[in-house]
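Each chain, letter by letter, is given below.
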Amino acid sequence: MSRVELSDLAGDGQKANQTQEHLKLEDVLPKNEKPWYKRRNLLLLNLLLLCPIMSSTTTGYDGSMLNGLQSQSQWQDYFNHPTGYRLGHLSAAPTFGQVLAFIPGGYISDKFGRRAGIAVGAALVVLGAAMQAGANSYGMFFAARFIVGFGSSISVNPSPTLLSELSYPTHRGPITTSYNIMWYSGATLAAWITYGTYWMGDSDWSWRIPSLLQAFFPIVQLMMIFFVPESPRYLIYKDKVSEARKILVKYHADGDGSSALVEFEMAEIIAAIQFEKSLKSVSYAAFFQKPNRRRLVLTVAVPFMQQMSGNGLVSYYLSLVLNSIGITSSSRQLIINGALMIYNFGIAIILTPIVPRFGRRQVFLTSTFLMTVTYVIWTVLSAINQQRDFSDPALGRGVLAMIFLYYFSYNIGLLGLPYLYLTEVLPFYLRSKGMAITQLVNGCSSIYNGYVNSIAMDAIDWKYYIVYCCIVATECVFVFFIFPETKGRTLEEVAEVFDGSSASTSVWLPSKGTEINHEEEV
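In this report, we go over the structure that sits alongside the text. (Residues numbered from 1 in each chain as written. Predicted model: local features only at pLDDT ≥ 70, side-chain atom pairs only at ≥ 80, totals over all residues. Heavy atoms only, no water.)

Re the overall build of the chain
Here comes step 1: Each helix and strand in the chain was counted, giving 26 helices and three strands.
Here comes step 2: Excluding contacts between residues fewer than 6 apart, the proportion of contacts in the chain whose partners are at least 24 apart in sequence is 83%.
Here comes step 3: Of the roughly 19,800 Å² that the chain leaves accessible, carbon and sulfur atoms contribute 63%. (Helix = DSSP H or I, 4+ residues; strand = E, 2+ residues; numbered from the N terminus. Contact = heavy atoms within 4.5 Å. Areas by Shrake-Rupley, 256 points an atom, 1.4 Å probe, with all protein chains shown as cover.)

Some remarks on helix H4 (residues 50-70)
Here comes step 1: In this model, H4 (21 residues) spans 30 Å end to end at C-alpha, consistent with the 30 Å of a helix rising 1.5 Å per residue.
Here comes step 2: Burial within H4 is extensive, with 19 of its 21 residues counted as buried. (Expected span 1.5 Å × (residues − 1). Buried < 20%, exposed > 50% of the residue type's maximum accessible area, 1.4 Å probe, protein only.)

Digging into the packing of H4 against helix H20 (residues 330-351)
Here comes step 1: Where H4 contacts H20, the two axes come as close as 9 Å, and the packing angle between them is 160°. It follows that H4 is roughly antiparallel to H20 by the angle criterion. Handedness of the H4/H20 crossing: right-handed. From H4, Ser64, Asn67 and Gly68 reach across to H20, where they touch Leu334, Asn337 and Met341.
Here comes step 2: Classifying every residue of the contact of H4 with H20 gives two nonpolar, four polar and no charged. (Axes fitted to C-alpha atoms, helices over the stretch in contact; angles between N-to-C directions. Parallel < 35°, antiparallel > 145°, perpendicular 65-115°, else oblique. Left-handed = near helix turned anticlockwise from the far one by under 90°. Nonpolar A, V, L, I, M, F, W, Y, C, P; charged D, E, K, R; others polar.)

Digging into the nonpolar core
Soluble, globular proteins show a tendency: their nonpolar side chains are buried together.
Here comes step 1: Tyr184, Trp378, Ile403 and Phe483 are the most contacted members of the largest nonpolar core, which totals 108 residues.
Here comes step 2: The biggest single contributor to this core is helix H22 (residues 393-414), with ten residues.
Here comes step 3: Among the nonpolar cores identified, the runner-up in size contains 13 residues, and Leu87, Leu90, Tyr138 and Phe141 belong to it. (Core = buried A, V, L, I, M, F, W, Y, C linked by side-chain atoms within 4.5 Å.)

Digging into unusual backbone geometry
Here comes step 1: The residue Asn80 is not glycine, and still its phi comes out positive at about 60°.
Here comes step 2: Mapped onto the fold, Asn80 is located in the loop between helix H5 (73-78) and helix H6 (84-100).
Here comes step 3: When its relative accessible area of 60% is taken as the criterion, Asn80 is described as exposed.
Here comes step 4: Phi is positive for Asp239, close to 65°, though the residue is something other than glycine.
Here comes step 5: Topologically, Asp239 is positioned in the loop between helix H15 (232-237) and helix H16 (241-252).

Focus on the pattern of salt bridges
Here comes step 1: Evaluation of the coordinates by the stated rule reveals ten salt bridges.
Here comes step 2: Between Glu263 and Arg245 there is a salt bridge; the shortest N-O distance is 3.0 Å. One end of the pair, Glu263, is in helix H17 (residues 260-278); the other, Arg245, is in helix H16, and 18 residues separate them in sequence. Across the pair, Arg245 and Glu263 agree in class, each one buried. (Salt bridge = Lys/Arg side-chain N within 4 Å of Asp/Glu carboxyl O.)

What about the environment of Ser159?
Here comes step 1: By the secondary structure assignment, Ser159 is in helix H10 (residues 159-166).
Here comes step 2: Among all residues touching Ser159, those that are not within four sequence positions of it are Pro52, Ser55, Ile118 and Tyr179.
Here comes step 3: From its side chain, Ser159 meets the backbone oxygen of Ser155 in a polar contact 2.6 Å long. (Polar contact = N/O pair within 3.5 Å; in protein donor to acceptor, adjacent residues only side chain to side chain.)

In structure tokens:
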């Protein structure tokens, strides 16, 4: 096991050459029976962590907003009822920006810090939302959505990373899981805002108001970011050890400079970062070195599953899906969109504290299997409904039920878990670059969803669902054979799953003459 002497942190210069006991996280956690919301330091920290979480809320708002606008006759009339590739352009515009942000997103986060990435991205989203609200042509609306996608990708890159690296050790699982779950908070707001503005008559403000309100959460982020502490892992990586320690003392130990928990965390982080720095390769080429190739496969597979499991049909083209089962009323489509978002948000909230309790691999398997079952039934009912010329309302209701059950299955494994899993799989020196790759794959998959889905639905209707039945079934098999289990390990210790026992971050605390062996449950 690799050992790193941390006498500079101890202050007494004592050499750590003997082992008295092995420490685990539960050994150094403060014996405080108060719940976190009654502990000032944890309450403040968790409130500040709402800032990076809002990056997910912003992306959810964007996806649901366009869905709602497609059901608005005012928006359709203003932009001459876009269909096919013209509608695909508008759906994919944020994705083009997302792909373009691949390199700068990771660079800003690594070079200037996690907070800088969030601030730059939020400012760009505000600019894009203002342009979108003031758009007077198809081209301007497209350009505005491009800027929104570029900015949101830059802010999304460091957000889950900051959550994972800054949150209290026992809160990391639920908080990181909640990140993507808050996508539905934005989606729900957008769905009902577009429904409300639909009743404004022929006014252009029926679609301009939802577009303008897209800037709300980024503006809140820009106001909060000055109070959010930087990632301790990032600061230590930049040799700002004292600053990192002050943050951990303030937010994890409630000002106790002698906290054993802080000593534990500092030792763990420094040992891991020193080991990672010894590898010397920190470019994207590092992903092609053994054993990082497996990490690369997972970094690509997880976002692919998030975007290409059939959810893109409903996320961006619910109107087309509802048309395909005979539900064509604009107001009814908007109500269904809003109800689906509330349902998803409620399910997500219920699943947040539950999902991290189970093995990551087990949850992914359950999710993909249930998605396969519901999508097959969805496809069969859609086929029968069309063959009967939509004469049986029960079949349409059956399809709606399957859509809701499908999203329950999707939310189990592909909503909150992916970002938690990826931050566990990726070591610090690859974490920002891995998140950038994740955004790139998300972007490429979204381009497919934006263009192919609308064209395919216009051309072959329900038969297109068969493609997704095959994809989701393949994902289930892929998870079974490829995905490793990471539950029960710290961020640094997960490296042993990929790098072997030589990557262990067992470290010494010279001030106590104690070796730390990390075996806590996440």
